[in-house]
There are 2 protein chains.
Amino acid sequence: MKNSIGREIPEEIIKDKGLFQGAFAHNERIIKAATKVKAVKPGEEKLLQSLEEAINKCNLKDGMTISFHHHFREGDYILNKVVDIIAAMGIKNLTLASSSLSGVHSPLIEHIKNGVITKITTSGLRGELAEEISKGLMKEPVIIRSHGGRARAIEAGDIKIDVAFLGAPSCDEYGNASGTGGKANCGSLGYAKIDAEYADKVIIITDCLVDFPNMPASISQEKVDYVVKVEEIGNPSGIVSGATRYTKNPKELLIAEYASKVITKSPYFKEGFSLQTGTGGSTLAVSRFIREEMIKSNVKASFALGGITKPMIEMHEEGLIKNIFDVQDFDLTAVESISKNSMHHEIDASFYANPHNKGCIANKLDVVVLSALEIDKDFNVNVMTGSDGVLRGASGGHCDTAACAKLTVIVSPLVRGRIPCVVDSVNTVITPGESIDVLVTEIGIAINPRRKDLMEIYKNGDIPVYTIEELYEKSISIVGTPDKIEYEDEVIAVVEYRDGSIIDVVRKVK
Amino acid sequence: MKNSIGREIPEEIIKDKGLFQGAFAHNERIIKAATKVKAVKPGEEKLLQSLEEAINKCNLKDGMTISFHHHFREGDYILNKVVDIIAAMGIKNLTLASSSLSGVHSPLIEHIKNGVITKITTSGLRGELAEEISKGLMKEPVIIRSHGGRARAIEAGDIKIDVAFLGAPSCDEYGNASGTGGKANCGSLGYAKIDAEYADKVIIITDCLVDFPNMPASISQEKVDYVVKVEEIGNPSGIVSGATRYTKNPKELLIAEYASKVITKSPYFKEGFSLQTGTGGSTLAVSRFIREEMIKSNVKASFALGGITKPMIEMHEEGLIKNIFDVQDFDLTAVESISKNSMHHEIDASFYANPHNKGCIANKLDVVVLSALEIDKDFNVNVMTGSDGVLRGASGGHCDTAACAKLTVIVSPLVRGRIPCVVDSVNTVITPGESIDVLVTEIGIAINPRRKDLMEIYKNGDIPVYTIEELYEKSISIVGTPDKIEYEDEVIAVVEYRDGSIIDVVRKVK
């Protein structure tokens, strides 16, 4: 069966989830999941001697669901350590509900082969683990969820976490956990906050035990069952980069300049506007250009949202952006800001982008700048699979913010090396074309035909305007039409749209 | 049937609630209530023109439960206004689940007579409404709950709020609500936060609409369905007192001095201790004496908890108390502090004192000083009914903090006017004697016989030590044995212990 954007979804995959039918087609009244709580009385201790003891006390059993957050990124020591211990304890057949997975998690391959982990849901998959999964490592397809979609799924009970293993850079003996104040700081614990809210059992794992009460806390004591101190939760250099690199690549700079012109000439660029920009070379550079225009036009933003980087913090500190809403931090400047700037707010993934709460902050976004691995003639965007069809990306907040923002800008080169980026049909749809307003490349822009209002605005400006078909032709003319990727029938990953419907599947590569 | 402290509870009242069997007898695994959520999409408006429109949109119907908070105390304009409108709309048979009710709510009498309100749960009842209820105004008994018990009941679904009407001193059009930043500021919105979390529909009512986003927010947009602006939410002078009066009453000062000696000589008075003190003349004065001793002994507290008053803020600002955990503010100094002091934390009622979460902050209390209308020979405390048997008090956080703190001190004069305060058996038990450690009066102290360790400590000090029986005899010797209050059989209020079991009932006065 095909969903509303024409992607073929096998019937056995659809089940009760339903097919994607449009970004806001689902208008459900949801009922939030009911969490089980074991009361903690005065005098009871939460600090345990070992992870084994905590796992035993949480009564972790075959078939349960465990969760982790990805705020430690490539520096994460927690997930591998915990799954090793679980495997040694002989527990099997677990569902792994990480907020994301990275290259550092390749040891999971063995635990999948051994039957310890049999199902996975995640936002991202990279490196060796992703390659193995693409080749058919798992019997059950991985479920790819956006950050907002994961929050929705947890709140709705689609993901029912039995035990959450949450690393925290600092914590007290009663479970007040923070993303700062330790030796491996990550800043916001935005994704972990949802797990703490909805998991039946919550274990905080820290390498920096501090005096009670550890305030302000990202995760609060009344959500936490146990605390375990370990030697090291992560490698600081893998968690955050010391400094943000400004691109010197002329192609990226050109894209950024065009993108900033698209934004600053739009009707949304005015006093009190709001924005989210990403972490790639072009998107970081966009912030720089927008900053100059904000100063020139005396325009201030009400808030910046997202994964937070140094340029946003600088603009906040110089008074150009009033509020920072921070679900995760990408560099040291952002991490340091969260504990010192009172209008730098730590937010959870539901406040960030959950489509089924009473109004996430993404709903209030004026402008978002997002990148793409591929974009097609329907403006559908792929940020998940490479040109070889192999998993190597993350859904992240892409479809969430694209759906919500008034102006969604995709920045992408026409080609990367010998690979076209504007294509006939993307390998994998993460974000449907209806959510995309403008594609910005190094030779000019394409405006989604749905946005006739924007076409009027840019038609006589200094940015070359093309149709998406024209950009596609130019892309192909440079590198030629690529060979079709050969897939087998087997579905190795299911891509859930943020509302839980199925927008695409990823098949096993031949 | 009698519960474990010998109070007679009619069988029809007990139902599934169970009889009180001891402060920590219930050791349940609770399942949190599931909330219904209607998703809000980008572009949808929450700001409505009138309360009528909001009530209609929330689909309020006969038989539903509505809730309010009491942070505006005697200055509250919200509850009466909303119930007037509901009555005019012809909706009937509602359950009123206020966090507390005060003298200002006497107009409810008419709405009870007219059948608009048929059930009530509250922490406190005072004034004309309380008198009428004591005389049998309602068919269904009122359920009296502590602040922690109300949070527990809401989380467990015992109170299922259909529509919460939450006044906020400032709010933006998307529902980010704060207890400060307006013209009728109350500081912490700690009780309201729980309603916002668990009510199916949440309406914020404000008289000060501010620019989006209103940050930091006490109640966050993703919990809020609608926002309504009204002329005035409350009378600032009724909400907070401008200044805290230090008592000059010699009896109160003597009690305070003894109480502070009890505390500072206890093993709990040491670096990093924690405390809660109340708002009465004696309890406020206790803070003053403790402060002097803290300076003298170079002891600093890790946190102060509770309803917050000026003395706590002063000690915080001079570095004697590291953290303030604030569920409600009683004076302007406290209200002003919450927006300026970063370690003055706004907390919700569940974090404060819910016995069935994974560890409320009350669990970490070393010392609490509480007042009493009456205390009896079993150390049971009444803060709810007067010597005439009429409702005129509030359960508050009394039984919550008494159960949790390592040292629970009751301050009370032996007699008030012609009324004995140490009695044979209290009219109404709010807090069971097992939770009380020391009673402090103007002539000396009585130590609960359970606390042999404390008896050792105080036996050779400069505080006169009596048995509770001796204090009872002295009390009676001054004013004589009071006549027994004459009650009818009819139960007009049920007192729930914090865990939901029934600790006492209040009967109709003759």
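Residues numbered from 1 in each chain as written. Chains lettered and ligands numbered in written order. Predicted model: local features only at pLDDT ≥ 70, side-chain atom pairs only at ≥ 80, totals over all residues. Heavy atoms only, no water.

**Points about the overall build of chain A**
On a plain count of helices and strands, chain A comes out with 16 helices and 30 strands. For chain A, the C-alpha radius of gyration of 22 Å lies close to 24 Å, the compact-globule estimate for 510 residues. Projected onto its principal axes, the C-alpha coordinates of chain A cover approximately 70 × 55 × 40 Å. Split into buried and exposed, the 510 residues of chain A put 63% on the buried side. Sequence-distant contacts, at least 24 apart, represent 72% of the contacts inside chain A between residues at least 6 apart. Surface summary for chain A: the accessible area is close to 17,900 Å², and the carbon and sulfur share equals 48%. Here chain A carries 59 positive and 70 negative side-chain charges, and the mean point of each set is 2 Å from the other. (Helix = DSSP H or I, 4+ residues; strand = E, 2+ residues; numbered from the N terminus. Rg over C-alpha atoms; globule rule 2.2 N^0.38 Å. Buried < 20%, exposed > 50% of the residue type's maximum accessible area, 1.4 Å probe, protein only. Contact = heavy atoms within 4.5 Å. Areas by Shrake-Rupley, 256 points an atom, 1.4 Å probe, with all protein chains shown as cover. Lys, Arg positive; Asp, Glu negative; His and termini not counted. Charge placed at Lys NZ, Arg CZ, Asp CG, Glu CD.)

**Regarding the pairing of strand E16 (residues 321-329) of chain B**
Residue and element names in this part refer to chain B. The element E16 is largely enclosed, with a buried count of 8 among its 9 residues. For the crossover that starts at strand E15 (residues 301-308), traverses helix H11 (residues 310-317) and ends in the parallel E16, the hand is right-handed. Where E16 and strand E17 (residues 344-346) come together, 3 bridges link them in parallel fashion. Considered in E17, the bridge of Asp 326 is made with Glu 346. Each parallel crossover has a hand, and for E16 linked through helix H12 (residues 332-340) to E17 it is right-handed. (Right-handed = clockwise from strand over helix to strand, strands pointing away. Pairing = 2+ DSSP bridges.)

**Thoughts on the domain arrangement of chain A**
Interface extent is often summarised as the accessible area lost during association of the parts. Residue and element names in this part refer to chain A. Each assigned domain of chain A is listed here: domain 1 (45-239) and domain 2 (250-479). For domain 1 and domain 2, the distance between their C-alpha centres works out to 29 Å. Here domain 1 and domain 2 share an interface that buries about 2,300 Å² over both sides, 58% of which is from carbon and sulfur atoms. Taken together, domain 1 and domain 2 are joined by 0 salt bridges. Here domain 1 is connected to domain 2 by 19 residue pairs in polar contact (both at pLDDT 80 or more). Among the elements of the structure, strand E7 (124-125), helix H5 (127-134), helix H6 (147-156) and helix H7 (190-198) are those that each provide at least two residues to the side of domain 1 that touches domain 2. Counting residues per element, the side of domain 1 that touches domain 2 draws most heavily on H6, at 6 residues. (Domains from an automatic or database assignment. Buried area = accessible area lost by both parts, 1.4 Å probe. Salt bridge = Lys/Arg side-chain N within 4 Å of Asp/Glu carboxyl O. Polar contact = N/O pair within 3.5 Å; in protein donor to acceptor, adjacent residues only side chain to side chain.)

**So, the pairing of strand E9 (residues 163-168) of chain A**
Residues and elements named next belong to chain A. Counting buried positions over the 6 residues of E9 gives 6, a clear majority of the element. A two-sided burial pattern is seen for E9, the buried positions comprising Val 163, Phe 165 and Gly 167 on one face and Ala 164, Leu 166 and Ala 168 on the other. Across 2 bridges, strand E4 (residues 65-68) lies against E9 in parallel orientation. Counted as the bridge partner of Ser 67 is Ala 164 from E9. Here 6 bridges tie E9 to strand E12 (residues 201-206), and the two strands are oriented parallel to one another. Residue Ala 164 lies in a different strand from E12, and its bridge partner there is Val 202.

**Notes on the interface of chain A and chain B**
Chain A puts 54 residues into the contact, and the matching count from chain B is 54 residues. Both faces combined, the contact of chain A with chain B buries some 4,600 Å², and carbon together with sulfur accounts for 58% of it. Contact with chain B buries surface across chain A, with Val 37, Glu 222 and Lys 358 of chain A losing the most and accounting together for 19% of the total. A salt bridge links Glu 173 of chain A to Lys 364 of chain B; the shortest N-O distance between them is 2.8 Å. Where chain A meets chain B, there are 26 residue pairs in polar contact (both at pLDDT 80 or more).

**A word on helix H6 (residues 147-156) of chain B**
In terms of burial, H6 of chain B is largely enclosed, as 9 of its 10 residues are buried. Residues of H6 of chain B that are buried: His 147, Gly 148, Gly 149, Arg 150, Ala 151, Arg 152, Ala 153, Ile 154 and Glu 155 of chain B.

**With respect to the pattern of salt bridges**
Between side chains of opposite charge, pairing is possible as soon as their charged atoms come close. Residues and elements named next belong to chain B. Taken as a whole, this structure holds 60 salt bridges over all chains when the rule is applied. Among the ionic pairs, Lys 160 bridges to Asp 200, the shortest N-O distance being 3.2 Å. In this pair, Lys 160 sits in the loop between H6 and strand E9 (163-168) while Asp 200 sits in the loop between helix H7 (190-198) and strand E12 (201-206), placing the two residues 40 residues apart along the sequence. Taking the relative accessible area as the measure of exposure, Asp 200 reaches 8% and is therefore buried. The residue Glu 257 makes a salt bridge to Lys 261 at a minimum N-O spacing of 3.9 Å. Placement of the pair is Glu 257 and Lys 261 together in helix H9 (residues 250-264), with a separation of 4 residues, close to one helical turn. Residue classification places Glu 257 among the partly exposed positions, given a relative accessible area of 32%. Since its relative accessible area comes to 24%, Lys 261 is described here as partly exposed.

**Examining the side chain of Asp 437 of chain B**
Looking at the secondary structure, you find Asp 437 of chain B in the loop between strand E25 (422-423) and strand E26 (438-440). Looking at Asp 437 of chain B, its side chain comes within polar contact range of the side chain of Arg 451 of chain B, at 3.0 Å.

**Some thoughts on unusual backbone geometry**
Of the consecutive residues Phe 212 of chain B and Pro 213 of chain B, the connecting peptide bond is found in the cis state with omega at -10°. Summarising the element assignment, Pro 213 of chain B is placed in the loop between E12 and strand E13 (226-229). Residue Pro 216 of chain B follows Met 215 of chain B across a cis peptide bond; omega there is -10°. By the secondary structure assignment, Pro 216 of chain B is in the loop between E12 and E13. Even without glycine at this site, Asn 93 of chain A takes up a positive phi of about 65°. Of note, Asn 93 of chain A is situated in the loop between helix H3 (78-88) and strand E5 (94-98). Unusually for a residue other than glycine, Asn 59 of chain B sits at a positive phi of about 60°. Relative to the helices and strands, Asn 59 of chain B resides in the loop between helix H2 (51-57) and strand E4 (65-68).

**Some remarks on the relation of the copies chain A and chain B**
Under the fitted operation, chain A is carried onto chain B by 0.0 Å of movement along the axis and a turn of 180°, and the coordinates agree to an RMSD of 0.0 Å. Seen this way, the second copy is the image of the first under a two-fold rotation axis. The rotation axis passes nearest to the C-alpha of Ala 34 of chain A in chain A, at a distance of 2.6 Å. Of all interface residues in chain A, 100% are interface residues in chain B too; the two copies therefore contact each other through one and the same surface. (Least-squares fit on C-alpha atoms with pLDDT ≥ 70 in both.)

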